[in-house]
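Listed below, chain by chain, are the residues.
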Amino acid sequence: ESAGMRQVLTKLQPESFDDIIACIALYRPGPMDSIPKYIERRHDKSKISYKTPLLEPILKSTYGCIVYQEQVMQIFNKIAGYSYGRADIVRRAMSKKKEAEMKKEYEVFVSGAIKNGVDEDVAKELFADMESFAKYAFNKSHAAAYALISYRTAYLKARYPREYYASLI
């Protein structure tokens, strides 16, 4: 119900439950920088782009934007050859801002990406994007739970306002 979230939803004009889930996941300090890009691409699909074609299957459902923690793990797996277990360990290190560990992983990620045919500059840029994003990112199931509560609350407020507000008191 914050003014900021209402403004984002007004611009986004959600048409599906997935739109609400993505909005909740993006409305966090790190991912929030991607909100304008996400909204623009949702309304104009011609603006969707990927730093490498390998990202399309991972980011297609979110218009080329990293939105969920699971996408970060998939990127580590598909781009640099990480196992999902190791990708999750790195994701956690990113979220806890472990600088020394991240410096080591940076080198491993970039070299793995190069082995998979990704340009070095693209790999470096992608790692930086994920690092800033992952500090505050949600996993999709977490965002979905919040989205369900938000959707049900909005429904009750719109259809049964007296009963809803009485229950709050």
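Remember, it's a predicted structure, so these values are computed and weren't measured experimentally.

*Asks:* What exactly am I supposed to notice about the layout of surface pockets here?
*Replies:* Over the atoms rolls a probe the size of a water molecule, and in doing so it shows where empty space is left. Size it by volume and the largest pocket reaches roughly 460 Å³. Along its surface, the largest pocket is lined by 14 residues, and Glu 1, Met 5, Leu 9, Ser 150 and Tyr 151 are the ones closest to its centre. Listing elements by their share of the lining of the largest pocket, those giving two or more residues are helix 1 (3-12), helix 2 (17-26) and helix 9 (140-159). No other element matches the six residues that helix 9 contributes to the lining of the largest pocket. Along the lines of polarity and charge, the residues of the lining of the largest pocket split into nine nonpolar, two polar and three charged. Volume-wise, the second largest pocket comes out at about 290 Å³. If you trace the second largest pocket, you find 18 residues lining it, with Ser 34, Lys 37, Lys 51, Ile 66 and Asp 129 closest to the centre. Those elements that provide at least two residues to the lining of the second largest pocket are helix 3 (35-43) and helix 8 (120-134). Residue contributions to the lining of the second largest pocket peak at four residues, all from helix 8.

*Asks:* Honestly, the packing of aromatic side chains in this entry has me stumped. Any pointers?
*Replies:* Each pair of aromatic rings is reported with the distance of its centres and the angle of its planes. Using the criterion set out here, one finds 10 aromatic pairs in the structure. Judged by centre distance (4.9 Å) and plane angle (65°), the ring pair of Phe 76 and Tyr 82 falls under edge-to-face. When sorted by exposure, Phe 76 lands in the same class as Tyr 82, which is buried. Ring geometry for Phe 76 versus Phe 127: centroids 6.1 Å apart, planes at 85°, classification edge-to-face. Of this pair, Phe 76 sits in helix 5 (residues 69-80) while Phe 127 is found in helix 8, placing the two residues 51 residues apart along the sequence. For the pair Phe 76 and Phe 127, a shared accessibility class is recorded, and that class is buried. Counting every residue linked through ring pairs, the aromatic cluster contains Phe 76, Tyr 82, Tyr 106, Phe 109 and Phe 127. Just above the ring of Tyr 82 sits the side chain of Arg 86; from NZ or CZ to the centre is 4.6 Å.

*Asks:* Would you explain the packing of helix 2 against helix 3 in this entry?
*Replies:* Close contact between helix 2 and helix 3 brings their axes to 10 Å; oriented N to C, the two are set at 160°. Between helix 2 and helix 3, the interaxial angle falls into the category roughly antiparallel. Of the two possible hands of crossing, helix 2 and helix 3 adopt the one that is right-handed. In this structure, helix 2 contributes Asp 19, Ala 22 and Leu 26 to the contact, and helix 3 contributes Ile 35, Tyr 38 and Arg 42. When grouped by side-chain class, the residues that make up the contact of helix 2 with helix 3 number four nonpolar, no polar and two charged.

*Asks:* Quick question: what am I supposed to make of the pattern of salt bridges here?
*Replies:* Between side chains of opposite charge, pairing is possible as soon as their charged atoms come close. Counted according to the given criterion, the structure contains 10 salt bridges. Notably, a salt bridge pairs Lys 157 with Glu 1, separated by 2.4 Å at the nearest N-O pair. Separated by 156 residues along the polypeptide, Lys 157 in helix 9 and Glu 1 in the segment before helix 1 bring together distant segments of the chain. Using a relative accessible area of 22% as the deciding quantity, one classes Lys 157 as partly exposed. For Glu 1, a relative accessible area of 66% translates into the label exposed. The shortest N-O distance in the salt bridge between Lys 47 and Glu 40 comes to 3.3 Å. By relative accessible area, Lys 47 is classed as partly exposed at 39%. Residue Glu 40 is classed as partly exposed on the basis of its relative accessible area of 41%. The structure contains a network of salt bridges with shared partners spanning Glu 15, Asp 19 and Arg 42.

Calculation rules
- Residues numbered from 1 in each chain as written.
- Predicted model: local features only at pLDDT ≥ 70, side-chain atom pairs only at ≥ 80, totals over all residues.
- Heavy atoms only, no water.
- 1 Å grid on protein atoms, 1.4 Å probe; cavity = no way out; pocket = protein on both sides within 12 Å on 5 of 7 lines; lining within 4 Å.
- Points joined across faces, edges and corners; volume = space filled by probe spheres on them.
- Helix = DSSP H or I, 4+ residues; strand = E, 2+ residues; numbered from the N terminus.
- Nonpolar A, V, L, I, M, F, W, Y, C, P; charged D, E, K, R; others polar.
- Phe/Tyr/Trp six-rings, centres within 6.5 Å; stacked < 30°, edge-to-face > 60°.
- Buried < 20%, exposed > 50% of the residue type's maximum accessible area, 1.4 Å probe, protein only.
- Lys NZ or Arg CZ within 6 Å of the ring centre and 35° of its normal.
- Axes fitted to C-alpha atoms, helices over the stretch in contact; angles between N-to-C directions.
- Parallel < 35°, antiparallel > 145°, perpendicular 65-115°, else oblique.
- Left-handed = near helix turned anticlockwise from the far one by under 90°.
- Contact = heavy atoms within 4.5 Å.
- Salt bridge = Lys/Arg side-chain N within 4 Å of Asp/Glu carboxyl O.

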